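# Structural features, examined
This is what each chain is made of:
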Amino acid sequence: YPLDYGYLKQTRANDGAVTGVCWYSAEQWVRLREVAADPAVLEDTYEAWLAMMKKALRSLRDAGLTYQLVDVDTEELVRWCRRNGRPIDGAARAEYGAVLLRQRH
């Protein structure tokens, strides 16, 4: 499973590798689709995204990977992308999720 798909990013924590999984509420998802540089790669609906994420999380578990859900505020993501000169695309979303995960540890 591609860890840099835009939702997932592997980072190092004190106890080993942890995969950060960007998690969006329904409202945040709608806003993400509005501001994303790559909306065509995003699922059309929040419900479709949830179904995809459930499969992705099962795949991570089945592969024995440790993951943590990282709640993303889309407006904070937009500000981070602007500060860092990044488009709001899959690579930036994954990196932002990793930044949030590192802040926890």
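Residues numbered from 1 in each chain as written. Predicted model: local features only at pLDDT ≥ 70, side-chain atom pairs only at ≥ 80, totals over all residues. Heavy atoms only, no water.

### Some points on the confidence of the model for the protein
Segments scoring low in pLDDT should not have their predicted coordinates read at a detailed level. When pLDDT is averaged along the protein, the result is 84; 85% of the residues meet or exceed 70. Within the protein, the element-level pLDDT minimum falls on strand β1 (residues 8–13), averaging 47, and the maximum on helix α3 (residues 74–83), averaging 97. In this model residues 1–14 is a low-confidence stretch, pLDDT under 50, and it forms 53 contacts with partners more than four residues away in sequence or in other chains. (pLDDT = per-residue confidence, 0-100. Helix = DSSP H or I, 4+ residues; strand = E, 2+ residues; numbered from the N terminus. Contact = heavy atoms within 4.5 Å.)

### Considerations on the environment of Arg31
Mapped onto the secondary structure, Arg31 falls in helix α1 (residues 26–35). Accessibility expressed as a relative area gives 31% for Arg31, which makes it partly exposed. Arg31 sits 44 residues away from Glu75 along the chain, and the two C-alpha atoms are 8.3 Å apart. Dropping the residues within four chain positions of it, Arg31 is found in contact with Thr74 and Glu75. (Buried < 20%, exposed > 50% of the residue type's maximum accessible area, 1.4 Å probe, protein only.)

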